[in-house]
Amino acid sequence: MPVNIKLDINKLADDTISPITKRVSTTLISIWDLTFGHIDNVNEKYQLRKEQELNDYKQQLETEINKIDPDNLVEPKLSVVGPALESSKFYYEEKELRSMFAKLVASSMDSSKTTKVRTSFTHIIQQLDKIDALNLLSFQDKTRKPIARAETGYNSYRFTNDNRYQYIFFSSHDIEPLSDAMSSSIDNLQRLGLVEVTFDRWYKDESIYDKHHNDSYIFSYTSGIPKIGNGYMPAEHGLIYLTTLGIQFIDVCL
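Residues numbered from 1 in each chain as written. Predicted model: local features only at pLDDT ≥ 70, side-chain atom pairs only at ≥ 80, totals over all residues. Heavy atoms only, no water.

**Quick notes on the packing of helix α5 (residues 78-88) against helix α6 (residues 95-107)**
- Across the interface, α5 lies against α6 with an axial gap of 9 Å and an inter-helix angle of 160 degrees. Classified by the angle their axes make, α5 and α6 are roughly antiparallel. For the pair α5 and α6, the crossing hand works out as left-handed. Between α5 and α6, the residues in contact are V80, V81, A84, L85, S87 and S88 and F101, L104 and V105, respectively.
- Considering only residue class, the contact of α5 with α6 consists of 7 nonpolar, 2 polar and no charged. (Axes fitted to C-alpha atoms, helices over the stretch in contact; angles between N-to-C directions. Helix = DSSP H or I, 4+ residues; strand = E, 2+ residues; numbered from the N terminus. Parallel < 35°, antiparallel > 145°, perpendicular 65-115°, else oblique. Left-handed = near helix turned anticlockwise from the far one by under 90°. Contact = heavy atoms within 4.5 Å. Nonpolar A, V, L, I, M, F, W, Y, C, P; charged D, E, K, R; others polar.)

**Re the nonpolar core**
- In this structure, Y57, L85, M100, L104, L128 and F249 are the most contacted members of the largest nonpolar core, which totals 52 residues.
- When residues of this core are assigned to their parent elements, the largest contribution, 7 residues, is made by α6.
- L128 has contacts with L97, M100, L136, N188, L189, L192 and F249, leaving out every residue within four places of it along the chain.
- Judged by nonpolar contacts, the second largest core, of 8 residues, contains A148, F170, I218 and M233. (Core = buried A, V, L, I, M, F, W, Y, C linked by side-chain atoms within 4.5 Å. Buried < 20%, exposed > 50% of the residue type's maximum accessible area, 1.4 Å probe, protein only.)

**Notes on the environment of L254**
- Relative to the helices and strands, L254 resides in the segment after α12 (244-253).
- On the basis of relative accessible area, L254 is assigned to the buried category, the value being 17%.
- C-alpha separation for the pair L254 and E96, spaced 158 residues apart in sequence, amounts to 9.0 Å.
- Those residues in contact with L254 that sit more than four places away from it in its chain are M100, K103, L136, L137, Q140 and F249.

So, in structure tokens, the structure goes:
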């Protein structure tokens, strides 16, 4: 059963458009066809996920491109749009990640953003998951936020003080602020160079960190079931902030 996944970009399909816009259209649609156009039947299609998810991705890409001011349309760099579309076929079932790929491709065609587009952004998106994406989305309205860390280690038979720390960070109701998932996400965003965390600086108004010490609030944040505690958790105050690369990544991909 054939699957129709052709791009239909309104602004790029108009016969009256300028030569540069026609070249943009030809370049992007050709790369799309090379990446996704070979899927001929339902069985092959399911190897890349459900047809609806691919159509959602296609529609989002069309929407993002059609938002670009026609005067800002430029031919995208193959080093950006090629790897981005090729990589996206393995990630588009995750709506947060397919949105990033769609915005990256569109930004590579927008002269107002091309100076911020980096070829490494494709590789960065490939190394993100839903939790990383939600944490990044929390920075859309500000470039720095409060963070804390609490000692959650233990004494083992091998080490006298085998202690470790976990971050406490509030970003989304889908993620418990104090959890392995949250801490590993913060570590990953630092590894990718998108954020930095410091405990040498913190907000002067320490009331900002009240919720980072509240046992019941922290542990009931997603589950809705308060856990037994003394109501206060010792935590070290700090800051988490976007790097220059992180600011550019959010502007281009979020």
